[in-house]
Number of protein chains: 4
Amino acid sequence: MKHSPWNWINPELTELQTTTLLKYKAGEEQLSALFGLKKGFTVTKCCNRNWEKEMAPGKKGILERLNAGEVVIGDGGFVFALEKRGYVKAGPWTPESAVTHPEAVRQLHREFLRAGANVMQTFTFYASDDKLENRGQNLKLTGVQINEAACDLAREVANEGDALVAGGVCQTPSYLSCKSETEVKAIFKKQLDVFLKKNVDFLIAEYFEHVEEAEWAVKVLKTSGKPVAACMCIGPDGDMHGISPGECAVRLVKAGAQIVGVNCHFDPMTCVKAVKMMKEGVEKAGLKAHYMVQPLAYHTPDCSCQGFIDLPEFPFALEPRILTRWDMHKYAREAYKSGIRFIGGCCGFEPYHIRAVAEELAPERGIMPPGSEKHGMWGAGLEMHTKPWVRARARRDYWETLKPASGRPLCPSLSLPDGWGVTKGHTDLLQQKEATSKDQLKQLFDRTKNQ
Amino acid sequence: MKHSPWNWINPELTELQTTTLLKYKAGEEQLSALFGLKKGFTVTKCCNRNWEKEMAPGKKGILERLNAGEVVIGDGGFVFALEKRGYVKAGPWTPESAVTHPEAVRQLHREFLRAGANVMQTFTFYASDDKLENRGQNLKLTGVQINEAACDLAREVANEGDALVAGGVCQTPSYLSCKSETEVKAIFKKQLDVFLKKNVDFLIAEYFEHVEEAEWAVKVLKTSGKPVAACMCIGPDGDMHGISPGECAVRLVKAGAQIVGVNCHFDPMTCVKAVKMMKEGVEKAGLKAHYMVQPLAYHTPDCSCQGFIDLPEFPFALEPRILTRWDMHKYAREAYKSGIRFIGGCCGFEPYHIRAVAEELAPERGIMPPGSEKHGMWGAGLEMHTKPWVRARARRDYWETLKPASGRPLCPSLSLPDGWGVTKGHTDLLQQKEATSKDQLKQLFDRTKNQ
Amino acid sequence: MKHSPWNWINPELTELQTTTLLKYKAGEEQLSALFGLKKGFTVTKCCNRNWEKEMAPGKKGILERLNAGEVVIGDGGFVFALEKRGYVKAGPWTPESAVTHPEAVRQLHREFLRAGANVMQTFTFYASDDKLENRGQNLKLTGVQINEAACDLAREVANEGDALVAGGVCQTPSYLSCKSETEVKAIFKKQLDVFLKKNVDFLIAEYFEHVEEAEWAVKVLKTSGKPVAACMCIGPDGDMHGISPGECAVRLVKAGAQIVGVNCHFDPMTCVKAVKMMKEGVEKAGLKAHYMVQPLAYHTPDCSCQGFIDLPEFPFALEPRILTRWDMHKYAREAYKSGIRFIGGCCGFEPYHIRAVAEELAPERGIMPPGSEKHGMWGAGLEMHTKPWVRARARRDYWETLKPASGRPLCPSLSLPDGWGVTKGHTDLLQQKEATSKDQLKQLFDRTKNQ
Amino acid sequence: MKHSPWNWINPELTELQTTTLLKYKAGEEQLSALFGLKKGFTVTKCCNRNWEKEMAPGKKGILERLNAGEVVIGDGGFVFALEKRGYVKAGPWTPESAVTHPEAVRQLHREFLRAGANVMQTFTFYASDDKLENRGQNLKLTGVQINEAACDLAREVANEGDALVAGGVCQTPSYLSCKSETEVKAIFKKQLDVFLKKNVDFLIAEYFEHVEEAEWAVKVLKTSGKPVAACMCIGPDGDMHGISPGECAVRLVKAGAQIVGVNCHFDPMTCVKAVKMMKEGVEKAGLKAHYMVQPLAYHTPDCSCQGFIDLPEFPFALEPRILTRWDMHKYAREAYKSGIRFIGGCCGFEPYHIRAVAEELAPERGIMPPGSEKHGMWGAGLEMHTKPWVRARARRDYWETLKPASGRPLCPSLSLPDGWGVTKGHTDLLQQKEATSKDQLKQLFDRTKNQ
């Protein structure tokens with residue numbers, strides 16, 4: 001049985017509206033034609049609402065999919081997307097809105113699902129207790145509260161479509177402040193306990209600048225028996241101690257990760273390059289793994305090893321760097337060609353970016369994302385534009401070759417990154433519970449000006 | 001009585017969470033301090049949920065506010081924001097998702113409300129029957145259905161905060177195809193009937209390229225007795241027939257508009273300039289009006305008279321032109337200094353852009369938007385960032401003087417606009433019901449290549 | 001009798017070399033073919049060396065040429081070209097090297113002649129006594145000495161080809177310091193006396209920011225009975241007191257100038273636009289004149305009314321703005337189409353820029369410049385390049401459509417001009433004889449930093 | 001005995017002028033003060049005109065200078081500079097104007113001498129018989145004629161100041177066309193014979209893309225007993241067969257070169273980087289050498305291994321890439337810090353670029369170049385500018401931090417290089433005597449368009 005991409009989307013439809021939609025269903029064949037895909041291709045599976053904490057029966061797990069050679073589409077980064085929408089504070093970047101504004105988090109999950117994502121990653125970035133403590137959210141929500149709320153939201157939306165729930169952990173202030181392996185592992189264990197209680201489908205350890213901490217995380221997550229993916233936030237130059245992507249990957253696979261890759265910090269092409277280096281390293285070591293990539297949606301050719309954090313535009317003036325949907329087509333193709341099969345996004349990704357990834361790989365997957373209902377491939381929707389010279393843009397070669405202007409003649413195209421060349425263990429990086437004091441800030445400001 | 005900015009936001013809170021939030025309320029004074037505003041300033045009013053189609057009792061109308069010299073913050077453009085989220089199709093740009101995906105539309109309304117908007121404009125752009133007909137949405141929803149759903153959503157969210165509902169109409173394909181004044185007015189009348197049934201608070205006629213059509217719209221809307229605002233989508237060069245902003249404004253005021261201005265098509269500074277020209281024209285004519293501006297969130301210094309439609313990047317590669325929040329501060333200040341008091345946004349605006357407008361004008365308004373709970377003014381949130389060199393960016397002069405890089409060294413900063421120098425009445429612009437045929441498209445493509 | 005473009009060039013050839021060259025002459029027909037011009041076209045006339053101060057017999061004067069509708073090619077700006085070669089000091093910009101390094105000045109004249117110039121302008125910019133005095137050239141050369149040496153050099157080279165000698169005066173520090181009309185006119189008279197003694201062919205009053213001073217200059221020059229050309233260094237916004245190009249031109253024609261136009265301060269297209277405005281003004285006033293333009297060879301779309309002086313890059317970082325030879329083709333065509341017939345250059349022009357002007361107008365003139373011996377039209381010389389992908393650039397459409405990269409990803413494309421909005425009479429602009437003192441400089445530096 | 005920098009410059013001074021100049025000499029001390037150098041520093045030595053083909057008695061040879069740790073300033077590239085002046089044809093790039101227009105070549109030598117150059121390189125680039133033959137200069141001058149004329153000009157000017165004459169050879173079409181070692185060596189030998197007859201001071205083998213051919217050249221030149229310098233035109237990626245800079249340098253030293261380095265093809269910083277790699281290679285191999293660098297005066301961050309030839313802007317639209325004098329200060333400092341002591345320039349260098357190198361290294365050398373008579377260090381000359389806001393630019397930190405705008409908002413900052421990935425031996429690169437035919441060109445144009 002085939003399902004339309006829209007009959008699950010709107011649980012609030014009146015009877016009249018539902019009738020209208022049913023009539024609309026008759027147009028499904030036309031839709032297939034419009035998308036230019038062969039008749040009979042499968043549209044994303046739909047499921048009835050299912051509030052339970054289980055993967056819907058019949059869904060394949062992450063490893064089943066990857067072992068079968070399927071492409072798995074990831075979602076985009078939640079902290080940046082929700083910062084723009086008003087629910088996350090830049091600086092602390094903590095996810096307490098999973099508790100305080102569930103409707104906003106749920107909606108973002110739904111948009112990524114509609115865009116074609118097969119993974120709903122729990123909105124638990126920086127949701128470890130040590131981070132919540134030292135980055136001052138006034139609400140005094142506990143880590144457990146936030147992690148639980150995030151799991152429920154991810155499960156609710158995952159069950160509205162063909163998606164899995166992935167519980168996510170990331171690097172901790174404890175590690176940066178040189179706490180012991182035991183202490184750091186305890187942090188991860190606390191989040192894992194929630195993921196097990198909520199029965200997520202698999203686990204992702206992501207956004208690690210130091211492979212040592214990533215290994216610790218993987219080892220903790222492995223105790224669960226669930227599939228484990230591990231992502232460094234590094235580029236081709238390797239981790240903060242100069243350990244190459246290849247060696248990082250080998251160590252993560254040996255620690256137990258079945259899927260390895262990189263996320264965040266660099267633009268798509270750079271991230272794909274780093275994952276290719278990981279793949280070469282793993283293969284050279286005679287090991288096996290699946291590969292994933294979840295890059296920025298920002299062009300960052302000017303980054304140093306620490307990625308976009310060091311760019312002067314981070315995090316409040318990155319707009320001119322945002323990738324277009326056509327950039328995403330190139331990224332998706334390059335990732336696929338490099339042997340990566342878990343392809344998603346991180347900071348800067350909006351739903352239409354993920355949709356572009358899904359559309360580029362539609363021939364391989366035999367599936368168009370539900371959201372393509374509202375999108376003409378390669379600008380085809382412009383065929384209906386009022387002005388004829390805009391209709392003339394309704395073609396692939398127009399958008400593929402366009403070099404978009406910045407509209408900013410006073411701005412350069414590249415920046416010189418900041419960054420003081422320090423990493424874990426350096427006093428500059430010791431984390432404190434308290435907010436930075438005025439005196440501390442003044443010292444920072446002066447130091448910057450003298451550089 | 002003062003209200004906190006958060007107690008209305010989340011109607012789905014559990015009892016436990018509410019208790020937590022109540023404890024959080026104790027932090028309100030700290031919040032005032034954080035925002036650097038004098039104690040006792042009023043935080044956005046909160047109202048209990050009110051599903052009726054009435055303005056909440058005690059709320060001031062649009063003219064009351066403007067007559068009192070208050071700043072009214074508008075919302076952002078829905079078609080572009082929802083296109084990125086997957087609910088509007090670029091090309092037709094029609095708002096049928098008001099019916100099919102109300103949760104997405106409602107969420108966007110909420111985000112703009114949270115960002116500080118005082119106006120919830122009904123999501124009825126291009127929702128006239130002649131447009132819905134000739135731009136092929138398969139669903140066969142009627143204009144009435146869409147307009148009604150849009151009114152309900154705007155009202156629902158407006159009543160969650162201190163916002164008014166504005167029913168909106170815009171230019172019609174009928175006019176471009178040279179239909180008669182009677183026919184065009186009938187189109188507006190049909191939408192107005194819904195607005196009256198749903199009892200919106202005031203009316204906006206916007207996005208008109210020809211002042212003649214705008215006058216017709218204003219005259220229809222005036223029959224309702226409700227306040228009427230009118231916006232041209234023009235820049236300093238005037239309308240498509242070369243009628244200057246000043247003269248356009250005079251004609252709109254004479255037609256009955258109490259508020260005049262421009263929306264869409266140009267970047268903020270250009271739009272403010274055009275509205276200033278309107279103001280000068282109106283004052284020179286010895287007339288009186290209030291002024292509004294709802295510009296693009298894209299830098300468009302290279303536009304010709306038809307605005308961003310003619311830029312080669314429209315609509316799928318505008319990313320590098322997106323304004324930062326700091327650009328928005330400058331815009332809000334300039335608009336205020338120019339005597340404009342209804343200040344909002346159009347295509348490209350995300351909630352954080354409107355929040356920046358509200359934050360810039362917080363001293364004048366004595367109000368911070370609820371969403372500033374998640375935003376440090378001028379980057380203050382970075383005081384809590386992990387890396388000290390990022391903490392060093394937690395200051396106004398850093399962001400105010402930064403010239404953000406595009407990250408695109410192969411791209412120029414300006415483009416040469418398209419546009420064939422034709423307007424209403426030209427055969428190139430005659431609208432047809434049917435989708436453009438392949439033959440028609442081929443002719444267009446060839447024509448472009450030969451230019 | 002036809003002359004080859006090379007037999008005059010080299011007065012130092014040995015007998016052997018001359019014989020070789022004579023054999024070379026046999027190739028003249030091939031050359032005509034190579035240049036793609038119809039057989040029998042006249043190559044620039046050659047004359048034997050003639051050290052007298054007379055125009056060679058048979059040469060047509062400037063007005064004869066212009067009255068006959070001929071195109072007259074000007075030369076380029078000497079102070080900038082010789083600054084790069086090491087013979088003029090930026091800041092004072094005075095021409096004492098006419099005395100101290102005649103070989104360098106002579107060589108530059110020759111290169112412009114070879115490039116196709118029909119006018120050798122005497123190297124007498126800023127050679128008025130008041131300027132020489134207050135801008136400290138240590139040599140204590142008198143204005144008379146410099147002006148005489150410059151006339152001799154221009155005559156010597158003019159007589160080597162088909163060129164006229166134009167004596168040039170420009171704006172004076174006396175005017176800026178509010179000296180009387182009598183005093184200012186006396187300055188011009190002193191230079192004119194030399195020009196008469198040396199019997200130049202015509203006179204150019206150029207580089208005036210204030211039309212009043214230009215009128216005074218024209219009136220002085222007119223007393224000589226020689227043809228007078230007058231150029232303002234203004235753009236479309238008019239002179240420093242806001243007098244429009246049209247009005248400036250009318251006043252100059254009424255003062256006695258037979259040729260009017262603009263030079264310096266703006267890029268070619270802007271200058272052409274300003275001259276077009278002059279032409280419209282003159283024609284509207286029922287007057288008659290010839291028109292000339294000698295613009296910068298720098299792109300200056302970001303200038304304010306005072307031109308490139310106010311750009312932050314002036315004068316030591318203008319390199320990225322230098323026009324290509326292809327830009328010059330467009331300029332020459334546009335100037336010609338605008339009815340301008342005296343077409344030359346100013347600061348930034350190198351010989352190859354003038355050659356490009358001459359090559360673009362070769363069909364109209366029936367003459368190729370001698371220097372084209374070493375230049376393939378539209379890149380044709382690349383047909384002989386070693387690498388095939390460089391040979392592929394040997395075609396007009398390649399160079400006409402190329403958008404050259406800056407190679408500077410950290411640099412913007414436009415600048416914000418300086419300029420303190422002051423002009424003649426303001427204390428900021430009072431000129432002093434002495435070099436600026438350290439204290440005065442410190443005040444300037446601080447003032448800049450606070451802006 | 002000290003000499004002033006100007007008493008040799010002008011052999012054509014009249015008696016009156018000489019008297020004036022002698023009075024000027026009294027200002028020498030002031031000059032020292034102006035330059036901010038300690039009293040008693042030596043100004044460039046002057047010599048009486050000496051038309052003989054000998055190094056002036058008392059001058060130190062190239063190895064003496066380098067062995068003593070002195071900085072030797074090179075000159076700039078002649079083919080590009082003379083192309084702009086109208087004496088070299090782009091494409092063939094051959095130096096026949098040494099014969100036909102000696103005054104132009106002599107003047108350029110003088111300008112570089114005045115700018116501070118200690119080396120007058122003979123204008124013999126591409127002056128091998130095989131090149132002259134297959135690149136069609138109609139004049140039928142022999143290689144011997146051109147090489148001799150070039151030697152005479154270099155010697156004449158070298159003897160006017162403290163400079164040496166270097167005879168130069170470069171890569172040959174014979175090598176690219178796979179001629180034998182014997183044949184290629186014979187080509188070099190022919191040029192060497194002239195250099196020996198004219199008794200140049202040392203030899204430079206430069207502009208080699210393949211180290212094998214450079215070795216052959218060095219071996220031929222070594223037979224003369226004169227010092228030999230050898231430069232590859234490569235960047236950090238090594239020669240066209242991928243041989244690293246380090247290995248190239250080792251092979252050249254082993255072949256007999258006392259000085260090794262790179263010239264042309266890349267911008268200064270890239271060239272310095274390549275020479276540093278050479279130095280590391282040589283030192284690692286336990287060998288000894290001196291190092292030289294003569295880079296482009298164009299910014300080329302976007303080059304591939306074949307350098308600026310492959311940039312789409314080569315050779316007729318490189319203007320926006322030209323380095324400023326301030327860029328040259330940075331280059332000179334970096335080269336010096338890297339242990340390079342023979343520091344000059346290649347294509348794109350104008351005399352003021354070399355002067356900037358000499359000025360930057362004046363403290364180390366205790367010498368200011370003669371041309372600095374007309375240049376204020378770090379913009380000091382602007383202290384005398386008419387406008388106060390331009391006087392405010394008379395300071396080092398202004399120019400050092402300025403990011404100059406391109407004035408070209410439609411242009412990008414980087415380009416994608418051409419280049420078909422082929423090198424010596426590939427049929428695409430076989431050289432032919434005849435000019436490329438129309439058919440051959442058409443194939444090239446089509447091939448380019450399809451890429």
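Residues numbered from 1 in each chain as written. Chains lettered and ligands numbered in written order. Predicted model: local features only at pLDDT ≥ 70, side-chain atom pairs only at ≥ 80, totals over all residues. Heavy atoms only, no water.

Draft legend 1. Broad picture of the interface of chain C and chain D. Counting from both sides, the interface comprises 117 residues of chain C and, opposite them, 117 residues of chain D. Taking both sides of the interface into account, the surface hidden between chain C and chain D amounts to around 10900 Å²; carbon and sulfur atoms contribute 57%. Taken together, chain C and chain D are joined by twelve salt bridges. Asp418 of chain C is the partner of Arg393 of chain D in a salt bridge, and the nearest nitrogen-oxygen pair spans 2.9 Å. For the pair chain C and chain D, the number of links is 45 residue pairs in polar contact (both at pLDDT 80 or more). No other element matches helix H6 (residues 102-115) of chain C, which puts eight residues into the side of chain C that touches chain D. In terms of residue class, the side of chain C that touches chain D is built from 55 nonpolar, 28 polar and 34 charged. (Contact = heavy atoms within 4.5 Å. Buried area = accessible area lost by both parts, 1.4 Å probe. Salt bridge = Lys/Arg side-chain N within 4 Å of Asp/Glu carboxyl O. Polar contact = N/O pair within 3.5 Å; in protein donor to acceptor, adjacent residues only side chain to side chain. Helix = DSSP H or I, 4+ residues; strand = E, 2+ residues; numbered from the N terminus. Nonpolar A, V, L, I, M, F, W, Y, C, P; charged D, E, K, R; others polar.)

Draft legend 2. Region of interest: helix H12 (residues 245-255) of chain C. Residues and elements named next belong to chain C. Taken across its eleven residues, H12 has eight buried, putting it largely inside the fold. All of the buried residues in H12 are Pro245, Gly246, Cys248, Ala249, Val250, Leu252, Val253 and Ala255. On its buried face, H12 is in contact with helix H11 (211-222), strand S5 (228-232), strand S6 (259-263) and helix H13 (268-284). Positive backbone phi, at 125°, marks Gly256, one or two positions downstream of H12. (Buried < 20%, exposed > 50% of the residue type's maximum accessible area, 1.4 Å probe, protein only.)

Draft legend 3. Geometry of the relation of the copies chain C and chain D. For the match of chain C to chain D, the screw axis carries a shift of 0.0 Å, the RMSD comes to 0.0 Å, and the turn is 180°. The transformation relating the two chain copies, once decomposed into turn and shift, fits a two-fold axis. Among all residues of chain C, the one whose C-alpha sits closest to the rotation axis is Pro320 of chain C, at a distance of 1.9 Å. (Least-squares fit on C-alpha atoms with pLDDT ≥ 70 in both.)

Draft legend 4. Region of the structure containing the sheet that holds strand S3 (residues 164-170) of chain B. All names here are of chain B. Spatially, S1-S8-S7-S6-S5-S4-S3-S2 is the arrangement adopted by the eight strands of the open sheet, whose pairing is parallel. Of all the strands in the sheet, just strand S1 (72-73) and strand S2 (119-121) have a single pairing partner and so form its edges. Bridge count for strand S6 (residues 259-263) against strand S7 (residues 290-294) is five bridges, and the pairing is parallel. The partner of Val262 across the bridge, within S7, is Val293. Its contacts with the sheet place helix H11 (residues 211-222) against S3, strand S4 (202-208) and strand S5 (228-232), and it is angled at close to 170° to S4. Strands S5, S6 and S7 of the sheet are contacted by helix H13 (residues 268-284), whose axis makes an angle of about 165° with S7. (Pairing = 2+ DSSP bridges. Axes fitted to C-alpha atoms, helices over the stretch in contact; angles between N-to-C directions.)

Draft legend 5. How the structure looks around the pattern of salt bridges. Residue and element names in this part refer to chain A. Per the stated rule, a full pass over the model turns up 120 salt bridges over all chains. Measuring nitrogen to oxygen at the nearest pair gives 2.2 Å for the salt bridge that ties Glu70 to Lys60. In this pair, Glu70 is assigned in the loop between helix H3 (62-67) and strand S1 (72-73) and Lys60 in the loop between helix H2 (28-35) and H3, connecting sequence segments ten residues apart. Residue classification places Glu70 among the partly exposed residues on the basis of a relative accessible area of 26%.

Draft legend 6. Looking closely at the interface of chain B and chain D. Across the contact, eight residues belong to chain B and eight residues belong to chain D. In this assembly, chain B packs against chain D so that about 610 Å² is buried in total across both faces, 70% of it on carbon and sulfur atoms. Considering only the side of chain B, the residues that lose the most area to chain D are Pro409, Leu410 and Leu414 of chain B, jointly responsible for 65% of the buried surface there. Along the contact surface separating chain B from chain D lie zero salt bridges. In terms of residue class, the side of chain B that touches chain D is made up of six nonpolar, two polar and no charged.

Draft legend 7. Spotlight on the relation of the copies chain B and chain D. Aligned on chain D, chain B shows an RMSD of 0.0 Å; the corresponding rotation is 180° and the shift along the axis is 0.1 Å. Here 100% of the contact residues of chain B are again contact residues in chain D; the copies associate through an equivalent surface.

Draft legend 8. Quick peek at the sheet that holds strand S6 (residues 259-263) of chain D. Residues and elements named next belong to chain D. Reading across from one edge, S1-S8-S7-S6-S5-S4-S3-S2 is the order of the eight strands in this open sheet, with parallel pairing throughout. The strands lining the two open edges of the sheet, one partner per strand, are strand S1 (72-73) and strand S2 (119-121). Of the strand pairs in this sheet, S1 and strand S8 (residues 342-343) are connected by two bridges, and their pairing is parallel. Opposite Val72, over in S8, you have Phe342 as the bridge partner.

Draft legend 9. View of the nonpolar core. Counting 236 residues, the largest nonpolar core has Val293 and Phe308 of chain C together with Val293 and Phe308 of chain D as its most contacted members. One finds Val79 and Cys233 of chain A together with Ala150 and Phe349 of chain B within the second-largest nonpolar core, a separate group that totals 235 residues. (Core = buried A, V, L, I, M, F, W, Y, C linked by side-chain atoms within 4.5 Å.)

Draft legend 10. Quick look at the UniProt feature "binding site: Zn(2+)" (unreviewed entry) in chain A. Residues and elements named next belong to chain A. Those residues carrying the UniProt feature "binding site: Zn(2+)" (unreviewed entry) are Cys264, Cys346 and Cys347 in this numbering. The largest pairwise C-alpha distance within this set of annotated residues, which runs over 84 residues, is 6.4 Å, so the set is compact in three dimensions. If you trace the backbone, Cys346 turns up in the loop between strand S8 (342-343) and helix H15 (351-360). Excluding residues that lie within four positions of it along the chain, Cys346 makes contacts with Gly76, Gly77, Asn263, Cys264, Gln294 and Pro295. Here Cys347 is to be found in the loop between S8 and H15. Judged by its relative accessible area of 6%, Cys347 is buried. The contact partners of Cys347, leaving out residues within four places of it in the chain, are Gly77, Phe80, Cys264, Pro295, Leu296, Ala297, Tyr298 and Phe308. (UniProt positions renumbered as here; feature names shortened; annotations may be inferred.)

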